[in-house]
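# An overview of the molecular structure
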Amino acid sequence: MSSSAPTTTRERLIVIGNGMAGMRTVEELLKLDPTRFDITVFGAEPHVNYDRIMLSSVLAGEKSVDDIVINSREWYAENHITLHAGDAAVSIDAKARTVTSASGLTLPYDRLLLATGSKPIVPPIPGLNLPGVCAFRDLKDVDTMIDAAATYRRAVVIGGGLLGLEAAWGLKRRGMDVSVVHLMPTLMERQLDEAAARLLQHDLTERGISFFTDGQTEEVTGTDRVTGIRLADGRATDADLVVVAIGIRPDVDLARTAGLDVNRGIVVGDNMGTTDPDIFAVGECAEHRGQCVGLVAPIWDMARVCAHHLAGGDAMVYAAQATATRLKITGIDVYSAGLLKAGEDEDEIVLRDKRRGSYRKLILREGQVVGTVLYGNVTDGDWYFDLIRRGTDISDISDRMIISRAATQSGGAAPALDIAAMPDDTQICGCNGVCKGAIVEAITTKNLTTYDEVKSHTKASASCGTCAPLVREILAATLGIEVAAPAIPTLCKCTACTHEDIRAAITTQSLKTQQQVRAALGWTTPDGCASCRPALNYYLLCAWPGEYQDDSRSRFINERVHANVQKDGTYSVIPRMWGGTATPGELAAIASVASKYNVAEIKITGGQRLGIYGIRKQDLPAVWGELNEAGLVSGHAYAKGLRTVKTCVGLEWCRFGTQDSTTLGKRLERMAWGNWTPHKFKMAVSGCPRNCAESTIKDFGVICVDSGFDLLVAGNGGIELRGTDKLCSVATEDEVLEYAAAYMQLYREEARYLDRTAPWMERVGIDYVRARIVHDAEGRRALQARFLHAQSFLQDDPWAERAKQGVDAHEFTPLEALT
Amino acid sequence: MTTTTTLNWVQVCHLADILPLGARVIPSPKGEIAIFRCTDDSVFAIRNRCPHKHGPLSEGIVHGHRVACPLHSWVIDLETGEAAAPDIGCTPKIPVRVENGVVWLAAA
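Fair warning: this is a prediction, and the values are worked out from it, not measured in the lab. (Residues numbered from 1 in each chain as written. Chains lettered and ligands numbered in written order. Predicted model: local features only at pLDDT ≥ 70, side-chain atom pairs only at ≥ 80, totals over all residues.)

Before going further, it helps to spend a moment on the overall build of chain A. Within chain A, the regular secondary structure consists of 26 helices and 36 strands. Across the 819 residues that make up chain A, the buried fraction comes to 44%. Contacts in chain A between residues far apart in sequence, at least 24 positions, make up 61% of those at least 6 positions apart. (Helix = DSSP H or I, 4+ residues; strand = E, 2+ residues; numbered from the N terminus. Buried ≥ 20, exposed ≤ 12 C-beta atoms within 10 Å, placed from the backbone. Contact = placed C-beta atoms within 7 Å.)

Encoded structure:
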């Protein structure tokens, strides 16, 4: 048990405002000096600290309130912070150095931090006090909106800026008819140029939101509740809910009572101190050198600087930096930074791609980028923004940089990523929300020297791993060593061997069990770890088909129980539906199982099959048994192995079809099912170049053409989108099968465990794969033969083995309960 | 003075009911208990709840005297119930002993 902190020797810090800026400052302070202060927090809202930026996601139903909590009550308790949530501070006596709250509490302070944030701007319009009118600022507003959406139909949002549009989209998602009234001719005029704003308005109109631009609201009408709005030019519309989102203004009322200097915001110096040396201010309520900010990145900087000074430092200063804007509306990507329009001294480069609905503009001045507006594809936004911030000379690349970063850099003169110039708040790991600054700090304060240490301490790259190269570069830059080419990774911490070393040893030294591999290659652990065991199991299974005994205790849960564990602990059951087809008998069996076991949901999966969700673990064998009776087998939807073969209806039914794509898909699936691969493997067959089966983002895709079949490889629609490379064209279905088997076997034999085909292809290149599969007919047939040999041992339905033969019965039966 | 608490030992299964490097689950009024067997035939029992996000530890991969949570790969030391550094957290242990191939658990 933790004891409460001693109170006599510590200075007293009161924080007014329990929002993002205030609590971020407290977090930074606790990192610097956890025992300096007794901390008391007053928050007007009756909640713990939450991520206000995510309110629009809560409104849109994409996140729950719990998802956006930043610090739980336990965090306050663990850090000995007294939280008065729902008890707003109402006055400050700067002479006596006390704060008084709405409940009448008066507390003394040694240091005071104001983080009061902003208030919504309320325009002088009659009717704003009617029930059914709210702002879009806090959880209470979101509750009001969600409740209204449940009961009423028509919503009007006043304000077509960032906040107003996110509110409109959230209400639309919740089923309301939504109109947006905007004073200006184009939306988001502070962040977007006219062209991008038009595209945005067009896309939102397509999604069913209507607009009144050039619209000045004159009155909100209604007697007991809002019924509509009327504009100055006479236009009017009905409304059951009116959301006012025309902007925010720093909340400076308390600062005034304390006698601090206040303009638009509370005036602060470079140390975030106000005109009273004991009082600091951070966040939206602060005005630094005439500027108030409302974006998170500069506020994090303020928090760091303020914490440094509260902890007794005197070195750090806050300097305003350029900021970039993004809109959080699902499926609509907008990015802007710096200037929006060229003046007399600037040039513009514009790229419009009407077909893709994308737009990019760069504003250049004297060989530097000074502004960008992106609509549609915004993946290069951070790169352009970085060039703006660093003032990089782009004369050499200005002719092609508008196309994309990739196109620019493959053209040669690309500048290497400059880690030193990367700002601390650059988010490196999107999965775990880790910024560059946190990584550097962990490296320096905890003396980390290896990538693995950085990963386990910061969690950067610990989830999807996409950012691992960047994390390595930051480590190298922080330690001041040369950035070496990425080393070939070792399998795990148990060994110094690479994946390639191990695979070579398995075949050349005839190692046939995991123990033999670990003994021969000097493992440091007796039974390996959760990383190497599944990998070794796969490598041995691949090298010694029919000989190596699959080790269920070296499989991840889903592969061990042949079902996907869901987050509530139940399982999903997804039978194979060959080529996406079904018979009436199969459908009846699925329906019968679903009602008998009272399943939570039946869903058509992304891979053209029916998934049955919400099965208890102990019921799995019985469910599988009944499905088996109807001829259904495991769809391996849990496997690092062949998943689905997606098909379109093809020549049989479609007027554009050139070949029988459904039958070809079934033949591929019959050939490849049951196979284990380094990671999951998806296929598709489209009957014509219209590509309805999305063959161009599959591990192996086929597009049928009049003259035969185009074979496509190494596509991926997941975290990182990658279109396929064309392997070759072939004339017959049998050739498609031969090439598919050979390609899959090459991947099985040469990719690292947990590599999808896309990163593997990035490493080896399509030319290598063509050399092995297309230009070496003998090699191709040998690969195909090895694939089919392996299949002769792998095509047993794991569900039947468990339902009928009692395989792994212990998995599905709990022991007798304790009473 | 030492205080002695009398433990209520209950027979739960045979050692052979748990595969080496495997686990079984015992439902109990206070929530599930996961019982693990390592390669050296030592047996451990802890609550079937990872201290991180409550993942079912019984479904994890057992290695040495440790188990990796199936949800986010936190590694829990079966001897102490503690998460491996740098993660911080602890899963309650339940006393367990093996006699003549029979596994006994101390019910609280």
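Picking up where we left off.
The next subject is the overall build of chain B. Counting its secondary structure elements, chain B contains zero helices and 10 strands. Its helices and strands taken in sequence order, chain B reads β-β-β-β-β-β-β-β-β-β from the N to the C terminus. Among the 108 residues that make up chain B, the fraction classed as buried is 39%.

All names here are of chain A. For cysteine 306, the location among the structural elements is in helix α8 (residues 296-310). With 281 residues separating them in the primary sequence, cysteine 306 and threonine 25 have C-alpha atoms 6.7 Å apart. Those residues in contact with cysteine 306 that sit more than four places away from it in its chain are Thr25, Met272, Phe280 and Val282.

Let's shift gears to the sheet that holds strand β3 (residues 81-85) of chain A. Residue and element names in this part refer to chain A. Spatial ordering of the open sheet is given by β3-β2-β1-β7-β19, a layout of five strands whose pairing is parallel. Each of the sheet's edge strands pairs with one partner strand only, and the pair in question is β3 and β19 (279-281). On average, each strand axis in the sheet is inclined to that of its neighbour by 15°, with strand direction left out of account. (Pairing = 2+ DSSP bridges. Axes fitted to C-alpha atoms, helices over the stretch in contact; angles between N-to-C directions.)

So, about the sheet that holds strand β29 (residues 571-573) of chain A. All names here are of chain A. In spatial order, the strands read β28-β29-β31-β30; together these four strands make up an open sheet with antiparallel pairing. Only two strands of the sheet have a single partner each, and these edge strands are β28 (564-565) and β30 (601-604). Bridge count for β28 against β29 is two bridges, and the pairing is antiparallel. What sits directly across from valine 565, in β29, is tyrosine 571.

Turning our attention to helix α18 (residues 584-596) of chain A. Residue and element names in this part refer to chain A. For α18, with 13 residues, the first-to-last C-alpha span of 18 Å sits near the 18 Å given by 1.5 Å per residue. Looking only at α18, the buried set comprises Ala589, Ile590, Val593 and Ala594. Within α18, the buried residues cover an arc of 130° as seen down the axis, which keeps them to one side. Exposed residues on α18 whose side chains face more than 90 degrees from its buried face are Pro584, Gly585, Ala588, Ser595 and Lys596. Here the buried face of α18 lies against β30, β31 (610-615) and α19 (620-629). In the stretch just after α18, asparagine 598 is the one whose phi turns positive, near 55°. (Expected span 1.5 Å × (residues − 1). Arc of directions from axis to C-beta.)

Of the residues lining the interface, 20 residues belong to chain A; the matching set on chain B comes to 25 residues. Of the residues that constitute the side of chain A that touches chain B, the class distribution is 10 nonpolar, seven polar and three charged. (Nonpolar A, V, L, I, M, F, W, Y, C, P; charged D, E, K, R; others polar.)

A word on the pairing of strand β34 (residues 700-705) of chain A. Residue and element names in this part refer to chain A. Counting buried residues along β34, five of its six residues qualify, which places the element largely inside the surrounding structure. In terms of strand pairing, strand β33 (residues 681-686) meets β34 through four bridges, oriented parallel. Bridged to serine 686 within β34 is isoleucine 703. Pairing analysis gives six bridges linking β34 to strand β35 (residues 708-713), with the strands arranged antiparallel. When the sheet's bridge partners are listed, valine 702 is paired in β35 with leucine 711.

A:Tyr539, A:Ile612, B:Ile35, B:Phe36 and B:Ile76 are the most contacted members of the largest nonpolar core, which totals 75 residues. The element best represented in this core is helix α16 (residues 532-543) of chain A, accounting for eight residues. Those residues in contact with B:Ile35 that sit more than four places away from it in its chain are B:Val12, B:Ile18, B:Ala23, B:Arg24, B:Ile26, B:Val43, B:Ala45, B:Val96 and B:Val103. Judged by nonpolar contacts, the second largest core, of 68 residues, contains A:Val242, A:Ile246, A:Leu364 and A:Ile388. (Core = buried A, V, L, I, M, F, W, Y, C linked by C-beta atoms within 7 Å.)

All names here are of chain A. Between helix α21 (residues 733-750) and helix α24 (residues 777-794), the shortest axis-to-axis distance is 8 Å and the interhelical angle comes to 80°. Relative to α24, the element α21 is oriented roughly perpendicular. Where α21 abuts α24, its residues Glu738, Ala741, Ala742, Met744, Gln745 and Leu746 lie against Arg780, Leu783, Gln784, Arg786, Phe787 and Leu788. Residue composition of the contact of α21 with α24, grouped by class: seven nonpolar, two polar and three charged. (Parallel < 35°, antiparallel > 145°, perpendicular 65-115°, else oblique.)

The next subject is the confidence of the model for chain A. All names here are of chain A. Per-residue confidence for chain A averages 89 on the pLDDT scale, and 96% of its residues sit at or above 70. In this model residues 1-7 is a low-confidence stretch, pLDDT under 50, and it forms five contacts with partners more than four residues away in sequence or in other chains. Confidence over residues 411-415 falls short of pLDDT 50; this stretch has six contacts with residues more than four positions distant or in other chains. (pLDDT = per-residue confidence, 0-100.)

We now examine the confidence of the model for chain B. In low-pLDDT segments, the atomic positions of the prediction should not be examined closely. Predicted confidence across chain B gives a mean pLDDT of 89, with 94% of residues reaching 70 or more. Confidence scores differ between elements of chain B, with strand β10 (residues 102-107) of chain B showing the lowest mean pLDDT of 90 and strand β3 (residues 33-37) of chain B the highest of 96.

The next point concerns helix α13 (residues 468-479) of chain A. All names here are of chain A. Counted at 1.5 Å a residue, the expected span for α13 with its 12 residues is 16 Å, and the 17 Å between its end C-alpha atoms agrees. Along α13, the positions that sit buried rather than exposed are Val471, Ile474 and Leu475. The arc that holds every buried residue of α13, seen down its axis, measures 100°, which confines them to one face. Buried residues along α13 sit in contact with β26 (427-429), α11 (436-445) and α12 (451-458). Note on α13: the residue one or two positions beyond its end, glycine 480, has a positive phi of about 75°.

Residue and element names in this part refer to chain A. Where α11 contacts α13, the axes come no closer than 10 Å and their chain directions differ by 50°. The angle between α11 and α13 places the two elements in the oblique class. As for the relative orientation of α11 and α13, their crossing is right-handed in sense. Along its contact with α11, which presents Lys436, Ile439, Val440, Ile443 and Thr444, the element α13 presents Val471, Ile474, Leu475 and Thr478. By residue class, the composition of the contact of α11 with α13 is six nonpolar, two polar and one charged. (Left-handed = near helix turned anticlockwise from the far one by under 90°.)

Residue and element names in this part refer to chain A. Relative to the helices and strands, aspartate 214 is located in the loop between β12 (209-212) and β13 (217-222). On the basis of neighbour counts, which here come to 15 C-beta atoms within 10 Å, the residue aspartate 214 falls in the partly exposed class. A sequence separation of 19 residues divides aspartate 214 from aspartate 233, and the C-alpha atoms of the two residues are 9.3 Å apart.

Attention now moves to unusual backbone geometry. Residues and elements named next belong to chain A. Backbone geometry at aspartate 214 places phi at a positive 50°, although glycine is not the residue there. Located in the positive-phi region is asparagine 598, a residue other than glycine, with phi close to 55°. Within the secondary structure, asparagine 598 is located in the loop between α18 and β30.

Another point: the environment of A:Gly132. All names here are of chain A. Relative to the elements of secondary structure, glycine 132 occurs in the loop between β8 (118-120) and β9 (133-135). Accessibility expressed as a C-beta count within 10 Å gives 20 for glycine 132, which makes it buried. Aside from chain neighbours lying at most four places away, what touches glycine 132 is Ala148, Arg225, Val226, Asp240, Leu241 and Val242.

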